[in-house]
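Tertiary structure, described
Here is how the chains run, residue by residue.
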2 protein chains.
Amino acid sequence: MNVDKILPENIKRLKPYVAGKTIAEVKNKYNLDTISKLASNENRLGCSVRVKDAVLSVLNNIQDYPDPVAQQLRHAIAKRNDIEESEVMLAAGSESIISILCRTFFKENENAVTADATFVGFFVQAGVQGIALKKVPVTEEYKFDVDAILNAIDSETKMVYIANPNNPTGTYLTGEEYRRLIDGVPEDVLIIADEAYYEYAVNTPDYLPALDYRKDNVIILRTFSKAYGLAGFRIGYAIAHSDLITEMLKTKLTFEPTAPAQAAALAAYDDIDFLSKSVDLVNEGKERLYRFFDEHNVSFKPSISNSVMMILKDEKAAINFTDEMLKKGVILRRINAFGLPNCVRITIGKESEMTHFEESFKEVYRN
Amino acid sequence: MNVDKILPENIKRLKPYVAGKTIAEVKNKYNLDTISKLASNENRLGCSVRVKDAVLSVLNNIQDYPDPVAQQLRHAIAKRNDIEESEVMLAAGSESIISILCRTFFKENENAVTADATFVGFFVQAGVQGIALKKVPVTEEYKFDVDAILNAIDSETKMVYIANPNNPTGTYLTGEEYRRLIDGVPEDVLIIADEAYYEYAVNTPDYLPALDYRKDNVIILRTFSKAYGLAGFRIGYAIAHSDLITEMLKTKLTFEPTAPAQAAALAAYDDIDFLSKSVDLVNEGKERLYRFFDEHNVSFKPSISNSVMMILKDEKAAINFTDEMLKKGVILRRINAFGLPNCVRITIGKESEMTHFEESFKEVYRN
């Protein structure tokens, strides 16, 4: 069978998925005892201790399908954010919600506007649905360029996607910039405000959470995969006008997210202490890393998320640095797929992991 | 904002999701102590005892993203079925795999051929992607009509979907019929053989598993949601030619299924004893229910899955019967959405649940 012949063009253009190396594989290959996984912006502290009991209690009825709307969790999220339950949708992580957005709203030939250096998940899901992307260059400060984005919107634009704070850059739009964006987008164009790193960002003085300046065309994405430490469970949520949520629920897979994920997220959502501890660890780790980079004359972007972006001189230097760090057991993320081939993203980990990073860095980094 | 104006036509046509009543809601509403949930073809025995420890061990690293290809489980499935790992894809249940199929293979204006009385999940996912469905009436025996399906295939047909055994009817294509279907479908048309109930069906003498008569255009779906009792985890798999799997992996969400689901399924897959016990329970329960229905002159279809379909005189009778049974604490499934408004599907449960069914039936059923 000639698979190429039967495929749509947009699927042919997608790159095949290549799985990264597991921790076990890295250990074996380089004969290492200690691995510091600083590649995927996961919470290196783990997750709340309350998760275990919550999951155990769900296992007693694991033969049953999950609650399709995650009623209890939906209620808790609505309550904490002072919104209606009908304005909340739970799904299997931000990637799934982005897929839902791409499946729900686009008519033929409509496009989406975003930056050229942002979350690769949006690029991929748009590609899966054959949606044309207008990628606007980020500013010299690696920020979303508000004016250029507004200029890129045309009569066929259905959606503007921003991540605030942005991933992989850790940069953000100030309140003034964010308001200007929201005010400038036509009201029949949807604005996706991806706040995957909200919990790390929220106390930054001039950061404006999308919920605090909301219009009917704004869809906010948040996740339990980052500060809550539940990436393995795949669970996140969208906040939007209930008319939009109603449509999104039509295309969501009926039974996502899973039953254990719902229980785990509900338990984790209530553990404010673990959350503060996680945010504090990241703030201390960032200060330490900034000092270290300054001492070693490394270019980087200060970040309000849980990762810091190193800027190397070119793609070759970025490849070489990550490869050499890997041999020392420090797994980092090149972000060429995110549009920044000369940059490397470093997740802020525990003290011991940051020490591992620094010591390995000193051995392999060449300016 | 006028949501209707911004929506594509196929999304407007989808019905809004309406969540069913939870067990707790039914208990409260009708002031009941005992509920028998015989509505969703779940395994009423629960799942393997091995699942708990497997999930607990994964919780230690739940902050990390899942293995995107579920390597260990993929290996186990390939080995047991004597195929290559590259011929297996794990995903978040059959509904997710059907969504992946709809996202991956359809060009504009291509259609899918299936029966008018089969798994509603296929109807829904096709609707989400705006795929035209050619629904062929089932035979008088409530079976897929092989000749009519072959006749319905036209130059724009991309896919033929069959469930074997079929859901919700419990009927199946014999080996001879299945071969005739496979041989009659053009080689550039994909055939989806949904075997969600494979484990219940496999010992039926004239049932032919799709793996035993395989061509390059056949994609087999199996699940851990039924006989393995893991519906709450959302995990299933596709078996197909590796060239097809490569394309499907491009549109699968990167990190589905979840890490705990992978671990649970791997543990459950090895527990052959629990599986036999589950299948035996269903076989005994079906024999008992057939006798009961015969005694009460109820029309039904003998089934090779874990449910039995009752045939009532009209839709009103089906609505009335399920409503009255609900008041007694027996949750059943009307299957109007599956194309059979005058029928009710009964999941085979434990002895006590089947007794609950029989006793309630005697009080509410009017011929």
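Residues numbered from 1 in each chain as written. Chains lettered and ligands numbered in written order. Predicted model: local features only at pLDDT ≥ 70, side-chain atom pairs only at ≥ 80, totals over all residues. Heavy atoms only, no water.

Bringing the overall build of chain A into the picture now. Counting its regular elements, chain A contains 15 helices and 13 strands. A compact globule built from 367 residues should have a C-alpha radius of gyration of about 21 Å, and chain A, at 21 Å, falls within 12% of that. With the C-alpha coordinates of chain A rotated into their principal frame, the extents come out at 60 × 55 × 50 Å. The 367 residues of chain A split such that 64% are buried. (Helix = DSSP H or I, 4+ residues; strand = E, 2+ residues; numbered from the N terminus. Rg over C-alpha atoms; globule rule 2.2 N^0.38 Å. Buried < 20%, exposed > 50% of the residue type's maximum accessible area, 1.4 Å probe, protein only.)

Once that is clear, we can look at the side chain of Ser 40 of chain B. Mapping Ser 40 of chain B onto the fold places it in the loop between strand S1 (36–37) and helix H4 (50–59). Judged by its relative accessible area of 17%, Ser 40 of chain B is buried. In contact with Ser 40 of chain B, other than residues within four places in its own chain, are Tyr 65 of chain A together with Lys 226, Arg 345 and Thr 347 of chain B. (Contact = heavy atoms within 4.5 Å.)

This brings us to the relation of the copies chain A and chain B. Turning chain A through 180° and shifting it by 0.0 Å along the axis lays it on chain B, with an RMSD of 0.0 Å. What the rotation and shift describe, once combined, is the action of a two-fold rotation axis. With an isologous cut-off of 70% or more, the 99% of interface residues of chain A that recur at the interface of chain B puts this contact in the isologous class. (Least-squares fit on C-alpha atoms with pLDDT ≥ 70 in both.)

Right, let's talk about the domain arrangement of chain A for a bit. All names here are of chain A. Assigned domains of chain A: these are domain 1 (3–46 + 273–364) and domain 2 (50–271). Computed from C-alpha atoms alone, the centre-to-centre distance between domain 1 and domain 2 is 23 Å. If you look at the interface, domain 1 gives 29 residues, while domain 2 gives 31 residues. Counting the surface lost from both domain 1 and domain 2, the interface buries some 2,400 Å², and carbon and sulfur atoms represent 62% of this. Per-residue buried area on domain 1 facing domain 2 is highest for Leu 275, Ile 304 and Phe 338; these three make up 29% of the total on that side. Counting the contacts that link domain 1 with domain 2 gives one salt bridge. At the boundary of domain 1 and domain 2, one finds 12 residue pairs in polar contact (both at pLDDT 80 or more). (Domains from an automatic or database assignment. Buried area = accessible area lost by both parts, 1.4 Å probe. Salt bridge = Lys/Arg side-chain N within 4 Å of Asp/Glu carboxyl O. Polar contact = N/O pair within 3.5 Å; in protein donor to acceptor, adjacent residues only side chain to side chain.)

Averaged over all residues, the pLDDT of chain A is 96; the fraction at 70 or higher stands at 100%. Interface scoring of the predicted complex returns ipTM 0.97; its pTM is 0.97. (pLDDT = per-residue confidence, 0-100.)

All names here are of chain A. In the contact formed by helix H4 (residues 50–59) and helix H12 (residues 259–269), the axes pass within 8 Å of each other and the chain directions differ by 145°. Taken as a pair, H4 and H12 cross one another with a handedness that is right-handed. For the pair H4 and H12, contact is made by Arg 50, Val 51, Ala 54, Val 55 and Val 58 and by Ala 259, Pro 260, Ala 263, Ala 264, Ala 267 and Ala 268, respectively. Taken together, the residues that form the contact of H4 with H12 break down as 10 nonpolar, no polar and one charged. (Axes fitted to C-alpha atoms, helices over the stretch in contact; angles between N-to-C directions. Left-handed = near helix turned anticlockwise from the far one by under 90°. Nonpolar A, V, L, I, M, F, W, Y, C, P; charged D, E, K, R; others polar.)

Here we come to the sheet that holds strand S12 (residues 333–335) of chain B. Residue and element names in this part refer to chain B. In space, the four strands of this open sheet follow the order S9-S10-S13-S12, with antiparallel pairing throughout. Each edge of the sheet is formed by a strand with only one pairing partner; in this case those strands are strand S9 (299–301) and S12. Taken over all neighbouring pairs, the strand axes of this sheet differ in orientation by 35° on average, direction set aside. Sheet topology places strand S10 (residues 307–311) next to strand S13 (residues 340–347); five bridges connect them, and they run antiparallel. Residue pairing across strands places Ser 307 opposite Thr 347, the latter belonging to S13. (Pairing = 2+ DSSP bridges.)

All right, on to the packing of aromatic side chains then. Any two aromatic rings considered together are summarised by their centre-to-centre distance and by the angle between their planes. Residues and elements named next belong to chain B. Within this structure, the stated rule accounts for 38 aromatic pairs over all chains. Judged by centre distance (5.8 Å) and plane angle (45°), the ring pair of Phe 224 and Tyr 237 falls under tilted. Pair noted here: Phe 224 is in the loop between strand S7 (218–223) and strand S8 (236–239) and Tyr 237 is in strand S8, with a separation of 13 residues, a long-range link. Across the pair, exposure class does not vary: Phe 224 and Tyr 237 are buried alike. The interplanar angle of 50° and the centroid separation of 6.3 Å between the aromatic rings of Phe 292 and Phe 293 together place this pair among those described as tilted. Among the residues examined, Phe 293 registers a relative accessible area of 0% and is labelled buried. (Phe/Tyr/Trp six-rings, centres within 6.5 Å; stacked < 30°, edge-to-face > 60°.)

Another aspect to go through is the pattern of salt bridges. Considering all chains together, one arrives at 42 salt bridges over all chains under this definition. Between Asp 270 of chain B and Arg 80 of chain B there is a salt bridge; the shortest N-O distance is 3.5 Å. Taken as a pair, Asp 270 of chain B in the loop between helix H12 (259–269) and helix H13 (272–295) and Arg 80 of chain B in helix H5 (residues 71–81) lie far apart in primary sequence, 190 residues in all. One connected set of salt bridges, linked through shared partners, spans Lys 37, Glu 42, Arg 44 and Glu 353 of chain A together with Asp 64 of chain B.

We now examine the interface of chain A and chain B. In this complex, chain A contributes 71 residues to the contact, which on the side of chain B involves 70 residues. Ranking the residues of chain A by area buried against chain B places Met 1, Tyr 65 and Lys 250 of chain A at the top, with a combined share of 12%. Remark: the boundary between chain A and chain B carries two salt bridges. The salt bridge involving Asp 64 of chain B is made with Arg 44 of chain A; its shortest N-O contact spans 2.7 Å. The tally of links from chain A across to chain B stands at 26 residue pairs in polar contact (both at pLDDT 80 or more). At the level of elements, helix H1 (3–6), helix H2 (9–13), H4, helix H6 (93–105), helix H7 (120–128), helix H11 (242–251) and H12 of chain A are the ones that each hand at least two residues to the side of chain A that touches chain B. Element by element, the count of residues in the side of chain A that touches chain B is highest for H11 of chain A, at seven residues. Here the residues of the side of chain A that touches chain B sort into 30 nonpolar, 19 polar and 22 charged.

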